[in-house]
Amino acid sequence: MPVSDSVSRPDTDADGQRLPINELFASLQGEGKLAGVPSTFVRTSGCNLRCWFCDSYHTSWDPTHAWMALDEIVAEVETLAPTHVVVTGGEPLIHGETATLLSELADDYHLTVETNGTLETDAPVDLASISPKLASSTPTAENAPTDTDTSVWTERHESARIDLDSLASLVEHAEDFQLKFVVTGRDDMAEIESLVEDVRGVAKREIRDSDVLLMPEGQTQAALAHTRTAVAELAAEFGYRYTPRLHVDLWNDAPET
Ligand SMILES: C[S@@+](CC[C@H](N)C(=O)[O-])C[C@H]1O[C@@H](n2cnc3c(N)ncnc32)[C@H](O)[C@@H]1O
Ligand SMILES: Nc1nc2[nH]cc(C(=O)O)c2c(=O)[nH]1
Ligand code: SF4
Ligand SMILES: [Mg+2]
């Protein structure tokens, strides 16, 4: 269960269901099995985790957003050209309304959900893009992207970051899935191997090595320059797939890309 999404809901809900939207834009899918595919991104705000490296700081550590009615979101998606929609965050599955949005889009769009894998959904999903968070993602006083005391999040993040039942449910539920790990270096590999085996043990669906993707940690082109070659070589060595971060290669850390 989410421990806190850091998003206070408005008092009234006269306009029907709404979601806190941080940004909504068309770009190319930059990560994973569909890298390069023109896609519309709907980024919800609020997260139940606090990765120290989060590249969407304004949806997790310091959430900002406009409350948009689901009809408004669908209308905005319809003004954009892509036939693929990526619902991301923050953690989109902390909001029950995300399932309604996905249902409303399902007939007309290919739907990817980017999720940290701690929550289940019964919504229609074509690609569950699951990014389980490793021990190396846990915030500490040294690495947290804020000066305020984050010790409460060190504990919350560490205790909430892996939920095997949710991981298995997401793997089983969607048309297709990927397990997309953010890799900081070789020290992450033992945990990845053991977690993949654990999920294989509970999921009633085959998880091929080609469903396991290693993605270099890095929010900027300069940071990725330090990680991508080593992570690509780890993928080759362990037999997993490598995914670039095309959007960072192309547009660095610009918003709405
Ligand atoms: C901002 S998250 C939102 C979705 C969800 N909360 C999650 O973590 O999967 C979108 C994707 O960016 C990845 N990500 C976030 N910060 C990153 C970083 N510094 N380097 C590489 N990938 C990162 C996440 O692992 C996830 O795959
Ligand atoms: N171009 C682009 N591709 C992405 N794939 C996953 C993203 C995300 O933030 O979830 C993302 C993103 O922010 N931009
Ligand atoms: S789970 Fe996703 S949105 Fe939440 S802090 Fe980690 S990378 Fe950011
Ligand atoms: Mg992103």
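It should be emphasised that the depicted structure is a prediction, and the values quoted were computed from it without experimental measurement.

Participant: Where do I start with the overall build of the chain in this structure?
Facilitator: Of the regular secondary structure elements, the chain holds 7 helices and 9 strands. Rg of the C-alpha trace for the chain: 17 Å, near the compact-globule value of 18 Å for 257 residues, within the 12% margin. Each of the three principal axes of the chain carries a C-alpha extent, and together these read 50 × 40 × 40 Å. Taken across its 257 residues, the chain has 51% of its residues classed as buried. Taking as baseline every contact in the chain between residues at least 6 positions apart, the subset at least 24 positions apart corresponds to 73%. Surface accessibility of the chain: about 11300 Å² in total, with carbon and sulfur atoms responsible for 48%. Taking the average location of the 17 positive side-chain charges in the chain and that of its 46 negative ones, the two points are 4 Å from each other.

Participant: In this structure, what is going on with the side chain of Glu23? I would like to understand it.
Facilitator: The residue Glu23 is located in strand β1 (residues 18-28) in this model. Within the local environment of Glu23, its side chain forms a polar contact with the side chain of Arg43, the two groups lying 2.7 Å apart. Polar side-chain contacts of Glu23 include one of 3.1 Å to the backbone nitrogen of Glu256.

Participant: Would you explain the environment of Pro139 in this entry?
Facilitator: Note on placement: Pro139 falls in the loop between β6 (127-130) and α3 (151-160). Remark: the alpha-carbon pair of Pro139 and Arg50, spanning 89 residues in sequence, is separated by 6.7 Å.

Participant: Even after reading the chapter, I still don't get the nonpolar core, so can you show me in this structure?
Facilitator: Side chains that are nonpolar tend, in soluble globular proteins, to be buried together. Among the nonpolar cores identified, the biggest contains 47 residues, and Ile73, Phe181, Ile192 and Leu214 are the most heavily contacted of them. For this core, the leading source of residues is helix α5 (residues 189-202), giving 5 residues. Grouped together as the second largest cluster of nonpolar side chains are 7 residues, Phe53, Cys54, Trp61 and Val182 included.

Participant: Got a minute to help me understand helix α2 (residues 97-105) in this structure?
Facilitator: Side chains of residues three or four places apart in an α-helix project in the same direction, reflecting 3.6 residues per turn. Buried residues of α2: Glu97, Thr98, Leu101, Leu102 and Leu105, and no others. The arc enclosing the buried residues of α2, seen along the axis, measures out at 145°, which places them on a common side. On its buried side, α2 packs onto β1, β2 (38-44), α1 (70-79), β4 (84-88) and β5 (110-115).

Participant: For this particular structure, what's the right way to read the UniProt feature "binding site: [4Fe-4S] cluster" (unreviewed entry) in the chain?
Facilitator: UniProt feature "binding site: [4Fe-4S] cluster" (unreviewed entry): in the numbering of this structure it lies at Cys47, Cys51 and Cys54. Of note, Cys54 is situated in the loop between β2 and β3 (66-69). Apart from residues no more than four positions distant in its own chain, Cys54 is found in contact with Ser60, Trp61 and Gln219.

Participant: I keep staring at the site of ligand 2 and nothing clicks. Help me out?
Facilitator: In the vicinity of ligand 2, the residues found are Ser27, Leu28, Gln29, Gly30, Glu31, Phe41, Arg43, Thr88, Glu114, His247 and Thr257. Arg43 has a polar side-chain atom sitting 2.7 Å from an oxygen atom of ligand 2. At 2.8 Å, a backbone N or O of Thr257 approaches a nitrogen atom of ligand 2. Its free accessible area being 320 Å², ligand 2 has 93% of it covered by the protein chains. Looking at the shell around ligand 2, the elements with two or more residues in it are β1 and β2. For the shell around ligand 2, the per-class residue count stands at 2 nonpolar, 6 polar and 3 charged.

Participant: In this structure, what is going on with the packing of helix α4 (residues 164-173) against α5? I would like to understand it.
Facilitator: The geometry of a pair of packed helices is captured by two quantities: the angle between their axes and the separation between those axes. Contact geometry of α4 with α5 gives a least axis separation of 9 Å together with a crossing angle of 70°. Considering their axes alone, α4 and α5 lie roughly perpendicular with respect to each other. Both α4 and α5 take part in a crossing whose hand is right-handed. Only Leu195, Asp198, Val199 and Val202 of α5 make contact with α4, whose side of the interface consists of Leu164, Leu167, Ala168, Val171 and Glu172. In terms of residue class, the contact of α4 with α5 is made up of 7 nonpolar, no polar and 2 charged.

Participant: Can you help me understand a nonpolar patch on the surface in this one?
Facilitator: On the surface, Leu28, Leu250 and Trp251 cluster together to form a nonpolar patch covering roughly 250 Å² of accessible area. Residue Trp251 is classed as partly exposed on the basis of its relative accessible area of 35%.

Participant: What is the right way to read the UniProt feature "binding site: Mg(2+)" (unreviewed entry) in the chain from this model?
Facilitator: As recorded in UniProt, the feature "binding site: Mg(2+)" (unreviewed entry) lies at Ser56. Mapping Ser56 onto the fold places it in the loop between β2 and β3.

Participant: Help me understand the packing of aromatic side chains in this model?
Facilitator: To describe a pair of aromatic rings, one takes the distance between the centres and the angle between the planes. The final tally for this structure, using the stated rule, is 2 aromatic pairs. Relative to Phe41, the ring of Phe25 lies with its centre 5.1 Å away and its plane at 10°, an arrangement referred to as stacked. Remark: Phe41 occurs in strand β2 and Phe25 occurs in strand β1; sequence separation between them is 16 residues. Relative to Phe53, the ring of Trp52 has its centre 5.4 Å away and its plane inclined at 75°; by these criteria the two rings are edge-to-face. By relative accessible area, Trp52 is classed as partly exposed at 24%. Given the relative accessible area of 8%, Phe53 is considered buried. Across the ring face of Trp153, the terminal group of Arg50 is positioned such that the distance to the ring centre comes to 4.0 Å. Directly above the aromatic system of Trp153 lies the positively charged group of Arg156, at a separation of 5.1 Å from the ring centroid.

Criteria and cut-off values
Residues numbered from 1 in each chain as written. Chains lettered and ligands numbered in written order. Predicted model: local features only at pLDDT ≥ 70, side-chain atom pairs only at ≥ 80, totals over all residues. Heavy atoms only, no water. Helix = DSSP H or I, 4+ residues; strand = E, 2+ residues; numbered from the N terminus. Rg over C-alpha atoms; globule rule 2.2 N^0.38 Å. Buried < 20%, exposed > 50% of the residue type's maximum accessible area, 1.4 Å probe, protein only. Contact = heavy atoms within 4.5 Å. Areas by Shrake-Rupley, 256 points an atom, 1.4 Å probe, with all protein chains shown as cover. Lys, Arg positive; Asp, Glu negative; His and termini not counted. Charge placed at Lys NZ, Arg CZ, Asp CG, Glu CD. Polar contact = N/O pair within 3.5 Å; in protein donor to acceptor, adjacent residues only side chain to side chain. Core = buried A, V, L, I, M, F, W, Y, C linked by side-chain atoms within 4.5 Å. Arc of directions from axis to C-beta. UniProt positions renumbered as here; feature names shortened; annotations may be inferred. Near = heavy atom within 4 Å. Nonpolar A, V, L, I, M, F, W, Y, C, P; charged D, E, K, R; others polar. Axes fitted to C-alpha atoms, helices over the stretch in contact; angles between N-to-C directions. Parallel < 35°, antiparallel > 145°, perpendicular 65-115°, else oblique. Left-handed = near helix turned anticlockwise from the far one by under 90°. Patch = residues over 30% accessible without salt bridge, like charges linked within 9 Å, V, L, I, M, F, W, Y side chains within 5 Å. Salt bridge = Lys/Arg side-chain N within 4 Å of Asp/Glu carboxyl O. Phe/Tyr/Trp six-rings, centres within 6.5 Å; stacked < 30°, edge-to-face > 60°. Lys NZ or Arg CZ within 6 Å of the ring centre and 35° of its normal.

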